[in-house]
Amino acid sequence: QVQLVESGGGLVQAGGSLRVSCAASERTFRRYAMAWFRQAPGKGREFVAAISWSGGSAYYSDSLKGRFTISRDNAKITVYLQMNSLKPEDTAVYYCAADFSIVPGRTWDEYHYWGQGTQVTVSA
């Protein structure tokens, strides 16, 4: 069973950048589609971005495309989310997720494995 551990969250000012990481527990990670979701207080879990197992295809929420970039390093069994031009409304717990699928999904129920989340807070 894949275990996922997020890191890199924190407090950043509006307009700043932050990169969060998600490390997997096993080498079979290479064959998993990966995604980032986020959940703000009082809201549901929102799709942020997803990437295919090879890293050749990436998908983004339309509202975040252009500011966020997902990438992966299969040698390090880690997936990243680079967040630029951050806004206070980006404040949320960011979760990474994994699933053994060819085409990454955009809904949370398509993913079987989840990390514990990392808090990102953007101050005005």
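Just so it is clear, the structure is predicted and the values come from calculations on it, not from any experiment. (Residues numbered from 1 in each chain as written. Predicted model: local features only at pLDDT ≥ 70, side-chain atom pairs only at ≥ 80, totals over all residues. Heavy atoms only, no water.)

## Some points on the overall build of the protein chain
Counting its regular elements, the protein chain contains zero helices and 11 strands. Listing each helix as α and each strand as β along the protein chain from the N terminus yields β-β-β-β-β-β-β-β-β-β-β. The 124 residues of the protein chain split such that 46% are buried. For the protein chain, contacts bridging at least 24 residues in sequence account for 60% of all contacts bridging at least 6. The distance from the centre of the 13 positive side-chain charges to the centre of the 10 negative ones in the protein chain is 6 Å. (Helix = DSSP H or I, 4+ residues; strand = E, 2+ residues; numbered from the N terminus. Buried < 20%, exposed > 50% of the residue type's maximum accessible area, 1.4 Å probe, protein only. Contact = heavy atoms within 4.5 Å. Lys, Arg positive; Asp, Glu negative; His and termini not counted. Charge placed at Lys NZ, Arg CZ, Asp CG, Glu CD.)

## Observations concerning the packing of aromatic side chains
Counted under the stated rule, the structure contains seven aromatic pairs. Measuring from ring centre to ring centre gives 5.7 Å for Phe37 and Phe47, while their planes differ by 70°; the resulting arrangement is edge-to-face. Within this pair, whereas Phe37 is found in strand E4 (residues 33-39), its partner Phe47 is found in strand E5 (residues 45-51), the two being separated by 10 residues in sequence. When sorted by exposure, Phe37 lands in the same class as Phe47, which is buried. Grouping aromatic residues by their ring pairs yields a cluster made of Phe37, Phe47, Tyr95, Tyr111 and Trp114. (Phe/Tyr/Trp six-rings, centres within 6.5 Å; stacked < 30°, edge-to-face > 60°.)

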